[in-house]
Amino acid sequence: MFIDEARIRIKAGDGGNGCMAFRREKFVPKGGPSGGDGGHGGDVLMSSSLSHNTLVHFRYNPEHKAQRGGHGLGSNCSGSAGDSNTLKVPVGTLLYDDATGELIHDFARPNETIVIAKGGRGGRGNQHFATSTHQAPREHELGRAGEERAYRLELRLLADAGLVGYPNVGKSTLISRLSAAKPKIANYAFTTLEPNLGVVQVGEYPHTESFTVADLPGLIEGAHLGAGLGIQFLKHIERTSVIVHLVDVSDSSDRTDPVTDYKVITEELKSFDPALAAKPTILVAAKADVANPDKLKKLTTMAKRRKLPFFTISAVTGEGIEPLKFAIAEMVAAHRPIELEPEPVVPAKMKPNYPPPPGSARGRA
């Protein structure tokens, strides 16, 4: 099941309580305070992974917690630190604060890890409160509560090229010819109920290049307002570098003007996000094996007038597939975002197993 949105509740581990104890051993008449510190609570972390491609594991398990810290013990023994809990999300996930709507992080690369809820600090034992004038302290601290957060997760597919167009124009058939993807193909509208991803390779070994292509569910007029399935999946086009716009030039649909088809879908993209209409676009006349000559001529004229790269294909017979594949690869290579060199990773400072004593109490136990 493809799930691209989820809401989760996070609770980091509470810190353990400090202990109040006094050393009582044979031949040690004045042992003094020996209460250990409570352990720190575990953090909740989130990490991007290539092993996941959906948020379904959060839809039915929305609550996640980290382990609390152990309580302090006598003989100056500190409690154990709580284990952290790492949540895995697909690459391309956006993390939002559910209360404010603020974007917390964009997991655009694999193996990115951030702390989304910090564990509570462990309380100090009574050993830290001993002074020269207060040698038998009974004070000790309770552990602090771990952070509690509510987040919204939104997945946006990371694809180099996105196939868009009306339902039943041949997008699923095309991606099955371009890649090894095996989407469901049938002769009725809205066959594709979720995006399909495929990896396309061009060239001959060892000089091969590859790009990813996404088959998005069909758009209809009013998609940006919620008509059809478009509003659910329009966001997945935002990350693509190239849009491949398919238009049916056969008589299989009840639409008579392919130019109008192109304009309607383009307006839907523009209404959802003006940046989508400005993306590099390849116009494709689909179903050329049963094309209506008048429709094909009108679409060809419009493509020339707008100076759009134009291809005529038949995904059934394979006509025009190879030239289109190389054209998409060339345009993706020209418009793919430049990967910046990653910044050097600075090792995170690990929390100690027990908190340090206050300045006024150090060295006076």
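Please refer to the structure higher up on the page.
Being a predicted model, the structure only gives us computed values, none of them experimental. Per chain, residues are indexed from 1 in the order of the written sequence. Owing to the predicted nature of the model, reporting of local features is limited to residues with pLDDT of at least 70; listing and counting of side-chain atom pairs is limited to 80 or more, with chain, interface and lining totals taken over all residues. For side-chain calculations, the full set of non-hydrogen atoms in the structure is used, while hydrogens and water are omitted.

Asker: Residues and numbers for the sheet that holds strand β5 (residues 93-97), please.
Answerer: In space, the 5 strands of this open sheet follow the order β3-β1-β8-β5-β6, with mixed pairing throughout. Of all the strands in the sheet, the pair left with one neighbour each is β3 (63-65) and β6 (103-107). On average, adjacent strands in this sheet sit at an angle of 25 degrees to one another, irrespective of strand direction. Pairing between strands requires that DSSP locate at least two bridges from one strand to the other. The numbering of helices and of strands both runs from the N terminus, where a helix is a DSSP run of H or I of at least 4 residues and a strand a run of E of at least 2. Across 5 bridges, β5 lies against strand β8 (residues 148-155) in antiparallel orientation. In the sheet register, D97 faces β8, and the bridge partner there is Y151. Axis definition: a line fitted to C-alpha atoms, over the contacting stretch in the case of helices. Angles run 0 to 180 degrees between N-to-C directions.

Asker: Got a sec to walk through the pattern of salt bridges? Specific residues and values, please.
Answerer: Two side chains carrying opposite charge are able to pair once their charged atoms lie near each other. We define a salt bridge as a side-chain nitrogen of Lys or Arg found within 4 Å of a carboxyl oxygen belonging to Asp or Glu. Within the structure shown, the criterion is met by 16 salt bridges. The partner of R23 in a salt bridge is E25, and the shortest N-O contact between them spans 3.2 Å. Residue classification places R23 among the partly exposed residues on the basis of a relative accessible area of 37%. The salt bridge involving D106 is made with R239; its shortest N-O contact spans 2.8 Å. Here R239 lies in the loop between α3 (230-233) and β12 (242-248) and D106 lies in strand β6, a separation of 133 residues in the sequence. By relative accessible area, D106 is classed as partly exposed at 28%. Look at the salt bridges and you will find they share partners, linking R152, E154, R156 and E238 into a network. For each residue, the accessible area found with a 1.4 Å probe, counting protein chains only, is set against the maximum for its type, and the residue is called buried under 20%, exposed over 50%, and partly exposed in between.

Asker: Lay out unusual backbone geometry in plain terms, naming residues and giving numbers.
Answerer: We note that K287 has phi near 60 degrees; this positive angle belongs to a residue other than glycine. Despite not being glycine, K307 shows a phi value in the positive range, around 55 degrees. Here K307 lies in the loop between α6 (293-306) and β14 (310-312). Since its relative accessible area comes to 76%, K307 is described here as exposed.

Asker: Can you lay out the environment of P110 for me, pointing to particular residues and giving the numbers?
Answerer: With respect to the helices and strands, P110 occurs in the loop between β6 and β7 (113-117). Look at P110 and you get partly exposed, because its relative accessible area is 38%. For the pair P110 and S48, spaced 62 residues apart in sequence, the C-alpha to C-alpha distance is 5.1 Å.

Asker: Mind laying out the nonpolar core, listing which residues take part and the relevant values?
Answerer: L174, F211, L246, I282, L324 and I328 are the most contacted members of the largest nonpolar core, which totals 28 residues. Every element with two or more residues in this core is listed here: β9 (161-164), α2 (171-178), β10 (196-204), β11 (207-215), β12, α4 (258-272), β13 (281-286) and α7 (321-335). Among the elements that take part in this core, α7 stands out by supplying 7 residues, more than any other. Contact criterion: two residues are considered in contact whenever any of their non-hydrogen atoms come within 4.5 Å of each other. Filtering out sequence-adjacent residues up to four positions away, L324 remains in contact with L174, I282, V284, F311 and I313. Nine residue types can take part in a nonpolar core, namely buried Ala, Val, Leu, Ile, Met, Phe, Trp, Tyr and Cys, and a core is a set of them joined through side-chain atoms within 4.5 Å.

Asker: Could you give an account of α6, naming the residues involved and the relevant values?
Answerer: To estimate how far a helix should extend, the number of its residues minus one is multiplied by 1.5 Å. The terminal C-alpha atoms of α6 lie 20 Å apart, and with 14 residues this matches the ideal 20 Å at 1.5 Å per residue to within 8%. By the burial criterion, the buried members of α6 are K295, L299, M302 and A303. Take α6 and look down its axis: the buried residues cluster within an arc of 100 degrees, on one side only. Turned more than 90 degrees away from the buried face of α6 sit P293, D294, K297, K304 and R305, all of them exposed. Taken together, the buried residues of α6 touch β12, α4, β13 and β14. With a side-chain oxygen positioned 2.9 Å from the backbone nitrogen of D294, the residue opening α6 is N292. The first or second residue beyond α6 is K307, which carries a positive phi of 55 degrees. Note that the arc is computed from the directions linking the helix axis to the C-beta atoms. Any pair of N or O atoms that falls within 3.5 Å is considered a polar contact. Within protein, one atom must be able to donate a hydrogen and the other to accept it, and sequence-neighbouring residues count only if both atoms are side-chain atoms.

Asker: Can you break down the sheet that holds β9 residue by residue, with the values?
Answerer: If you trace the 6 strands from one edge of the open sheet to the other, you get β10-β11-β9-β12-β13-β14, paired in mixed fashion. A strand with exactly one partner marks an edge of an open sheet, and here the two such strands are β10 and β14. Taken pair by pair, the neighbouring strands of this sheet meet at an average axis angle of 25 degrees, ignoring direction. As defined by bridge partners, β9 adjoins β12 across 4 bridges and the pair is classed as parallel. Bridge pairing in β12 links L163 to V244. Sitting on the sheet, α2 is in contact with β9, β10, β11 and β12, with an inclination near 160 degrees to β11. Across the sheet, α4 touches β12 and β13, and the angle it forms with β12 is around 145 degrees.

The analysis is restricted to geometry; functional conclusions fall outside its scope.
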